[in-house]
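# Coordinate analysis (summary)
This is what each chain is made of:
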Amino acid sequence: MILSVSSSLALVSGLMVVRAKNPVHSVLFFILVFCDTSGLLLLLGLDFFAMIFLVVYIGAIAVLFLFVVMMFNIQIAEIHEEVLRYLPVSGIIGLIFWWEMFFILDNETIPLLPTHRKTTSLRYTVYAGKVRSWTNLETLGNLLYTYYFVWFLVSSLILLVAMIGAIVQTMHSTTKVQRQDVFRRNAIDFRRTIMRRTTDQISDSHALD
Amino acid sequence: CIYLVISLLVSLILLGVPFLFASNSSTYPEKLSAYECGFDPFGDARSRFDIRFYLVSILFIIFDLEVTFFFPWAVSLNKIDLFGFWSMMAFLLILTIGFLYEWKR
């Protein structure tokens, strides 16, 4: 029941992200999509990832989108009359998407049509889980830092690149700010900072700059 | 399940009760628009946005992901004996380099 609620809400919110007129409503539906995806992950038994979705996706990425909506004066969309203009290309892309979906929706594992309602699916018990059941965090921690540590360090490099890239991009504009170098400022000989030229104009030139 | 129902109920009550007490007649578009000494509003009230706020948000994501990597490590530290500890220290070193760069700028 929760599956149907979560997934249907996710689909509807995803649709509303695109269709909402007010951009703030768009971002709010975006947040709702992540909430529902987090619920779906909970149903799959990935509790750690569900919480990480909430923290990282909603808490950081949706906030980033909110910043964009805040910063730029996005008018409430008036172009809703011309939506049919995009139909051919977007229709083709949508059809390709659906076609690829049918590769995954094999009727054995993920039922699409309710034909096999009577037969019960095979259930198997993982007895190792009954002896000592490991949480998601424990299993991840056991493997990520020992057997797959290379990928872990690669991910740290990716985060480093992201950090430095972001700083370089935005600090571009603030490097033009003139800063005083105190030692240089103290070393200037005050007698020679203003020089009078032979013409009538008095120009003010700093000798050492 | 009871917890879910109660939390949902409480938040919905907190959201809905003000609508009972708000007066419908005293809000009309003239009253809700921006105030500019009695004139009609000239334009948008937004000022120029400094990009450093966005940078703070991006850096928050980066360090938040770093913390996300810390969580499973902290839980399973007794199983990954010394090698796991030092691999996390290498990760931390790489991120500290980034942090130092950010500090200097």
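Residues numbered from 1 in each chain as written. Chains lettered and ligands numbered in written order. Predicted model: local features only at pLDDT ≥ 70, side-chain atom pairs only at ≥ 80, totals over all residues. Heavy atoms only, no water.

## Quick notes on the UniProt feature "transmembrane region" (unreviewed entry) in chain B
Sites flagged by UniProt as "transmembrane region" (unreviewed entry) map to residues 51-75 and 82-101 of chain B. Strand forms 0% of residues 82-101 of chain B and helix 95%; the C-alpha atoms that close the span are 29 Å apart. (UniProt positions renumbered as here; feature names shortened; annotations may be inferred. Helix = DSSP H or I, 4+ residues; strand = E, 2+ residues; numbered from the N terminus.)

## Brief notes about the packing of aromatic side chains
This model, assessed by the stated rule, comprises 18 aromatic pairs over all chains. Taken together, a centroid distance of 5.4 Å and an interplanar angle of 65 degrees make the contact between Phe48(A) and Phe49(A) edge-to-face. Judged by its relative accessible area of 10%, Phe48(A) is buried. Taken together, Phe30(A), Phe34(A), Phe53(A), Tyr57(A) and Phe65(A) form an aromatic cluster joined through their ring pairs. Seen from the ring of Trp134(A), Lys79(B) lies directly overhead, with NZ or CZ sitting 5.2 Å from the centre. (Phe/Tyr/Trp six-rings, centres within 6.5 Å; stacked < 30°, edge-to-face > 60°. Buried < 20%, exposed > 50% of the residue type's maximum accessible area, 1.4 Å probe, protein only. Lys NZ or Arg CZ within 6 Å of the ring centre and 35° of its normal.)

## Digging into helix H3 (residues 47-71) of chain A
End to end, H3(A) covers 35 Å across 25 residues, agreeing with the expected 36 Å (1.5 Å per residue, within 8%). Helix geometry: H3(A) is bent most strongly at Tyr57(A), by close to 30 degrees. Among the residues of H3(A), those classed as buried are Phe48(A), Ala50(A), Ile52(A), Phe53(A), Val56(A), Ile58(A), Ala60(A), Ala62(A), Leu64(A), Phe67(A), Val69(A) and Met71(A). Against helix H2 (23-43) and helix H6 (136-144) of chain A together with helix H3 (52-75) of chain B lie the buried residues of H3(A). (Expected span 1.5 Å × (residues − 1). Bend = angle between axes of the 7 residues up to and from the residue. Contact = heavy atoms within 4.5 Å.)

## Considerations on the pattern of salt bridges
In the structure shown here, the tally under the stated rule is one salt bridge over all chains. Glu138(A) is paired through a salt bridge with Lys79(B); the nearest N and O atoms lie 3.5 Å apart. Residue Glu138(A) is located in helix H6, and its partner Lys79(B) is located in the loop between H3 and helix H4 (83-104); the two belong to separate chains. Its relative accessible area of 13% is what places Glu138(A) among the buried residues. (Salt bridge = Lys/Arg side-chain N within 4 Å of Asp/Glu carboxyl O.)

## Comments concerning the layout of surface pockets
Residues and elements named next belong to chain A. Roughly 740 Å³ of volume is contained in the largest pocket. Along its surface, the largest pocket is lined by 15 residues, and Leu3, Ser7, Ala10, Leu11 and Leu40 are the ones closest to its centre. At the level of secondary structure, the elements contributing two or more residues to the lining of the largest pocket comprise helix H1 (2-19), H2 and helix H4 (87-104). With six residues, H1 is the largest single contributor of residues to the lining of the largest pocket. When the residues that make up the lining of the largest pocket are grouped by side-chain class, the tally is 12 nonpolar, three polar and no charged. (1 Å grid on protein atoms, 1.4 Å probe; cavity = no way out; pocket = protein on both sides within 12 Å on 5 of 7 lines; lining within 4 Å. Points joined across faces, edges and corners; volume = space filled by probe spheres on them. Nonpolar A, V, L, I, M, F, W, Y, C, P; charged D, E, K, R; others polar.)

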